[in-house]
Amino acid sequence: MAWAQAPQTPPGGANALSGANANAPFDFRIEPVTRDLYKAWLQRQIPVVTVFLVTSDGIILADPISPEFSARLRTELASRFPGKPVKWVIETHYHWDHARGGAMFADTATVLGHENLRTNLRLPIAEAPPPGDTTDLDGDNRLDRNRESQTATRAQFDMLDKDHSGLISQEELVADVRWPGIVFTDEYTITLGGQHARVIWAKNRHTSDMVDIRMTAYSSLSDYS
Ligand SMILES: [Zn+2]
């Protein structure tokens with residue numbers, strides 16, 4: 001398959017997708033990367049981004065990011081690609097800033113991840129820590145706000161501390177991550193609507209469960225962490 005068609009700006013401009021005034025700062029945006037491949041991003045202090053491939057039989061989505069992100073994405077996809085449900089969700093690794101939110105698509109999608117993802121979702125925090133420098137220093141399988149939580153985990157402490165106990169437990173860290181229904185060892189190819197997404201174990205780059213995704217012949221994503 002050739003990607004002959006140049007990326008197109010959606011009718012009304014990119015801001016039209018967010019429902020925002022064209023002159024207002026955007027919040028959530030969908031942009032074409034190349035034909036049938038799009039990225040969805042939310043502009044925050046640190047922007048969050050994922051990608052999805054639209055096929056004739058539905059959509060293959062990479063990281064669902066978070067419940068809030070997925071809820072917004074689902075609404076946008078239903079509007080822009082009616083009749084094309086998300087059929088696959090690829091959780092690229094266990095970190096909370098990528099893997100949460102898959103339940104939003106559970107009615108139509110299979111969730112895929114590396115076999116070590118299942119392991120990491122059950123390991124103590126000390127063995128499968130959150131992104132950045134956060135560590136469970138005292139080995140109690142919980143994170144306090146000021147001494148153990150660092151970087152993004154500290155910034156999002158109140159969101160992750162679901163029971164407002166003042167500590168983030170291992171269960172709270174993974175609470176919004178959908179358990180992968182299919183896992184693989186080295187490589188898995190999703191075929192949908194005549195298109196393909198190759199999901200390849202990244203061999204301990206970043207995390208032990210990290211995967212790269214190659215969507216059809218001319219779309220390659222790597223170092224996606
Ligand atoms: Zn990560």
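Above: the structure in question.
Described in the following lines is the structure provided in the data block.

What counts, and where the lines are drawn
- Residue numbers run consecutively from 1 along every chain, following the written order of its sequence.
- Reporting of local features is limited, given that this is a predicted model, to residues whose pLDDT is at least 70; pairs of side-chain atoms are given and counted only at 80 or more, and all residues count toward the totals for whole chains, interfaces and linings.
- A helix here means a DSSP run of H or I that spans at least four residues, while a strand means a run of E at least two residues long, and both kinds are numbered starting from the N terminus.
- Think of it as a crowd count around each C-beta: if 20 or more other C-beta atoms lie within 10 Å the residue is buried, if 12 or fewer it is exposed, and in between it is partly exposed, with C-beta placed from the backbone throughout.
- Any pair of residues counts as being in contact when their C-beta atoms, constructed from backbone geometry, are within 7 Å of one another.
- When DSSP finds two or more bridges between a pair of strands, those strands are recorded as paired.
- To get an axis, a line is fitted to the C-alpha atoms, and for a helix only the part in contact is used. The angle between two axes follows their N-to-C directions and goes from 0 to 180 degrees.
- An expected span of 1.5 Å times one less than the residue number is assigned to each helix.
- To form a nonpolar core, buried Ala, Val, Leu, Ile, Met, Phe, Trp, Tyr and Cys residues must be joined through C-beta atoms within 7 Å.

This paragraph deals with the overall build of the chain. The secondary structure content of the chain amounts to seven helices and 13 strands. When burial is assessed residue by residue, the chain has 35% of its 225 residues classed as buried. When contacts within the chain are restricted to residue pairs at least 6 apart in sequence, those whose partners lie at least 24 apart make up 51%.

Turning our eyes to something else, we now look at the sheet that holds strand β5 (residues 86-90). A sheet is described by the order of its strands in space; here seven strands give the open sequence β1-β2-β3-β4-β5-β6-β9, paired in mixed fashion. At either end of the open sheet lies a strand with only one pairing partner, and these are β1 (28-34) and β9 (182-184). Along the sheet, successive strands turn relative to each other by an average axial angle of 25°, direction set aside. Where β5 and strand β6 (residues 110-114) come together, three bridges link them in parallel fashion. Note on β6: the bridge partner recorded for Ile90 is Leu112.

Note that His95 resides in the loop between β5 and α3 (96-99). By the C-beta count within 10 Å, which is 25 here, His95 ends up buried. With near-sequence residues (within four places) excluded, His95 lies in contact with Pro130, Pro131 and Thr207.

Outside of glycine, negative phi angles account for most residues, and trans bonds account for most peptide bonds. Positive phi, close to 65°, is recorded for Asn141, a residue that is not glycine. Mapped onto the fold, Asn141 is located in the loop between α4 (115-120) and β7 (142-144). With a phi angle near 45°, Thr151 is a residue other than glycine that sits in the positive phi range. By the secondary structure assignment, Thr151 is in helix α5 (residues 151-155). Under the C-beta neighbour-count criterion, Thr151 is labelled partly exposed, with 13 such atoms within 10 Å.

Looking now at helix α2 (residues 67-80). Taking 1.5 Å per residue, 14 residues should reach 20 Å; α2 reaches 20 Å between its end C-alpha atoms and fits that length. Of the surrounding elements, those touching the buried residues of α2 are β2 (37-42), β3 (48-55), β4 (58-61) and β5.

Our focus in this paragraph is the nonpolar core. Of all hydrophobic cores here, the largest spans 32 residues; its most connected members are Phe52, Ile60 and Leu61. Sorting the residues of this core by element identifies β2, β3, β4, α2, β5, β6, β11 (195-201) and β12 (211-215) as the ones contributing at least two each. Once residues lying within four places of it in the same chain are set aside, the contact partners of Leu61 are Thr50, Phe52, Val86, Trp88, Val89, Ile90 and Phe105. If you look at the next biggest cluster of nonpolar residues, it comprises 13 residues, including Tyr94, Ile168, Leu173 and Val177.

This paragraph deals with the pairing of β2. Across a regular strand the side chains alternate sides, sitting on one face of the sheet and then on the other. Pairing between β1 and β2: six bridges, direction antiparallel. Its bridge partner being in β2, Arg29 is matched across the sheet by Trp41. With antiparallel pairing between neighbouring strands as the criterion, β1 and β2 make up a hairpin whose turn holds two residues, including Asp36 at a positive phi of roughly 75°. As judged from the six bridges shared by β2 and β3, these two strands associate in the antiparallel manner. The partner of Tyr38 across the bridge, within β3, is Phe52. Between the antiparallel neighbours β2 and β3 lie five residues.

Take Asp212: it is sitting in strand β12. Overall, Asp212 belongs to the partly exposed group, with 18 C-beta atoms counted inside 10 Å. For Asp212 and Ala202, which are 10 residues apart along the polypeptide, the C-alpha to C-alpha distance reads 6.1 Å.

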